[in-house]
Amino acid sequence: MPDLKIVFTDMSSPLGDMIAGASDTGVCFLEWHDRGGVERILKRVEKRYKTTPVLSNVTNPHLIQLEKELTEYFDGRRRVFDVSIDVHGTPFQKIIWDQLMDIPYGETRSYGQLAKLVGKPGGMRAVGRANGSNYLSIIIPCHRVIESSGGLGGYGGKLWRKKRLLELEGSLGESFI
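Presented here is a report on the structure given in the accompanying data block.

Cut-off values and rules
Residues numbered from 1 in each chain as written. Predicted model: local features only at pLDDT ≥ 70, side-chain atom pairs only at ≥ 80, totals over all residues. Heavy atoms only, no water. Helix = DSSP H or I, 4+ residues; strand = E, 2+ residues; numbered from the N terminus. Rg over C-alpha atoms; globule rule 2.2 N^0.38 Å. Buried < 20%, exposed > 50% of the residue type's maximum accessible area, 1.4 Å probe, protein only. Contact = heavy atoms within 4.5 Å. Areas by Shrake-Rupley, 256 points an atom, 1.4 Å probe, with all protein chains shown as cover. Lys, Arg positive; Asp, Glu negative; His and termini not counted. Charge placed at Lys NZ, Arg CZ, Asp CG, Glu CD. Salt bridge = Lys/Arg side-chain N within 4 Å of Asp/Glu carboxyl O. Pairing = 2+ DSSP bridges. Axes fitted to C-alpha atoms, helices over the stretch in contact; angles between N-to-C directions.

## Things to note about the overall build of the protein
When helices and strands are counted, the protein shows six helices and six strands. Listed N to C, the secondary structure of the protein is β-β-β-α-β-α-α-β-α-α-β-α in terms of helices and strands. Over its C-alpha atoms the protein spans a radius of gyration of 16 Å, differing by no more than 12% from the 16 Å that the globule rule assigns to 177 residues. Overall, the C-alpha framework of the protein stretches about 45 × 35 × 25 Å when taken along its three principal axes. Classification of the 177 residues of the protein by burial places 49% in the buried group. By sequence separation, contacts in the protein at least 24 residues apart represent 58% of the contacts at least 6 residues apart. Per element, the accessible surface of the protein, about 8900 Å² overall, is 51% carbon and sulfur. Positive and negative side-chain charges of the protein, numbering 24 and 21 respectively, have mean locations separated by a distance of 7 Å.

## A closer look at the environment of histidine 33
Considering the arrangement of structural elements, one finds histidine 33 in the loop between strand S3 (27-32) and helix H1 (38-49). Owing to a relative accessible area of 22%, histidine 33 belongs among the partly exposed residues under this scheme. Separated by 27 residues in the primary sequence, histidine 33 and isoleucine 6 place their C-alpha atoms 18 Å from one another. Those residues in contact with histidine 33, other than ones at most four positions away along the chain, are Asp10, Asp17, Met18, Ile19, Val38 and Ile41.

## Side note on the pattern of salt bridges
Within the structure shown, the criterion is met by ten salt bridges. A salt bridge links lysine 68 to glutamate 72; the shortest N-O distance between them is 2.9 Å. In this pair, lysine 68 and glutamate 72 both sit in helix H2 (residues 61-74), four residues apart, roughly one turn of the helix. Exposure remark for glutamate 72: the relative accessible area of 12% places this residue in the buried category. Glutamate 169 is the salt-bridge partner of arginine 144, the closest N and O atoms lying 2.7 Å from each other. Taken together, the residues arginine 144 in the loop between helix H5 (124-132) and strand S6 (145-146) and glutamate 169 in helix H6 (residues 159-169) connect sequence positions 25 residues apart. With respect to burial, arginine 144 and glutamate 169 carry one shared label: buried. In the salt-bridge network here, residues are joined through shared partners; they are Lys68, Glu72, Arg78 and Asp82.

## Some words on the sheet that holds strand S4 (residues 54-55)
Strand order across the open sheet formed by four strands is S3-S2-S1-S4, with mixed pairing between neighbours. For this open sheet the edge positions go to S3 and S4, each flanked by a neighbour on one side alone. Here strand S2 (residues 18-22) runs beside S3; their pairing, made up of five bridges, is antiparallel. Bridging from a neighbouring strand, alanine 22 pairs with valine 27 of S3. Against the sheet, H1 engages strand S1 (7-11), S2 and S3, with an angle of about 155° to S3.

Listed below in structure tokens is the structure:
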């Protein structure tokens, strides 16, 4: 990782401003500005990737593709992201993030279901922590994880956004009304 370079830029969405960063390999982070503020987000990224992200004018091909795919997603024309990703995390986090990416558009899973899928029944809190450590909002769809009771549960990007994302994907049931 010593030569890793991450560039970042701001992106707008119908649900608020976002900040996105990418390496030469793929997108590393996509966060809502109000998830602790831009400076705090950049410090977390610096700690995880051991490099200081540099402001970009969006010449990174992964950021260009991400912006296009996000627009298509919010317009209802994209259900799966094709942009390359470059995520770093613990082995358990990566297992959970892979499971999140397997949740189809328009569907949800509970923390308990994910815990069982990875062989850790009763590990809902660990799943929740790994879910919350996801830096790729929307791309790694942590918003698709809900409580087993049908409640929304948590979301670092704020619960009103989680609800709107699930509405966009058509996966809200009566328990959310």
